[in-house]
Amino acid sequence: QVQLVESGGGLVQPGGSLRLSCVASGSIGSINFMAWYRQAPGKQRDLVARIISGGSTNYADSVKGRFTISRDNAKNTVYLQMNSLKPEDTAVYYCNIFASPRVYWGQGTQVTVSS
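Residues numbered from 1 in each chain as written. Predicted model: local features only at pLDDT ≥ 70, side-chain atom pairs only at ≥ 80, totals over all residues. Heavy atoms only, no water.

**Comments concerning the overall build of the protein chain**
Note the cut-off: We count a stretch as a helix when DSSP gives it H or I for four or more residues in a row; a strand needs E for two or more, and each element gets its number in order from the N terminus. In this treatment the radius of gyration is a C-alpha quantity, and the globule benchmark scales as 2.2 Å times the residue count to the 0.38 power. Burial classes: relative accessible area under 20% of the type maximum marks a residue as buried, over 50% as exposed, and values in between as partly exposed (1.4 Å probe, protein chains only). Throughout, a contact is declared for two residues whenever any of their heavy atoms are within 4.5 Å. Residue-level accessible areas treat just the shown protein chains as cover; the underlying method is Shrake-Rupley with a 1.4 Å probe. When charges are counted, Lys and Arg contribute as positive and Asp and Glu as negative, whereas His and the chain ends are disregarded. We put the charge of a Lys on NZ, of an Arg on CZ, of an Asp on CG and of a Glu on CD.
Across its full length, the protein chain holds 0 helices and 11 strands. If you list the helices and strands of the protein chain from N to C, you get β-β-β-β-β-β-β-β-β-β-β. By the compact-globule yardstick of 13 Å for 115 residues, the protein chain fits well, its C-alpha radius of gyration being 13 Å. Viewed in the frame of its principal axes, the protein chain has a C-alpha envelope of about 40 × 25 × 25 Å. Taken across its 115 residues, the protein chain has 40% of its residues classed as buried. In the protein chain, of all internal contacts separated by at least 6 residues, the share reaching a separation of at least 24 is 53%. Counting only carbon and sulfur atoms, one obtains 46% of the accessible surface of the protein chain, whose full area is about 6,100 Å². Put simply, the protein chain has 11 plus and 6 minus side-chain charges, and the middle of one group is 4 Å from the middle of the other.

Written as structure tokens, this is what we have:
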């Protein structure tokens, strides 16, 4: 009964900001890492950002310097702060948690960047 609930998506103008949140509940176990993926129309789902339990992070080149991933391990929550948004950031954003040996996904939240 593990559930990942995402929130924070919406419509913003280019240059705007959004903060995405993902809260995991249930018997999830020890989390190895948390991540955000996104999938734009006609494209595959790809990694946006990842944060490891020790705090190290990885970012896609397309978002480096604009997005920041963070987490609260005690609350099994991961955040994605998105600044200086561009139209090409438009996608469905998915929360991902790896808790060996299982992988969990959120339902996705739509982010639309348009003038």
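**Topic: the sheet that holds strand 7 (residues 67-72)**
Rule in force here: Should DSSP find at least two bridges between two strands, the strands are regarded as paired. Axis angles are defined between N-to-C directions and span 0 to 180 degrees, where every axis is a line fitted to C-alpha atoms and, for a helix, only to the segment in contact.
Sheet architecture is open: 4 strands sit in the order 1-3-8-7, paired in antiparallel fashion. Each edge of the sheet is formed by a strand with only one pairing partner; in this case those strands are strand 1 (3-7) and strand 7. The average undirected angle you get between the axes of adjacent strands in this sheet is 15°. Pairing of strand 3 (residues 18-25) with strand 8 (residues 77-82) involves 6 bridges; the strand directions are antiparallel. Following the sheet pairing, Cys22 is matched in strand 8 by Val78.

**Regarding the side chain of Asn96**
Topologically, Asn96 is positioned in strand 9 (residues 91-99). A relative accessible area of 3% places Asn96 in the buried class.

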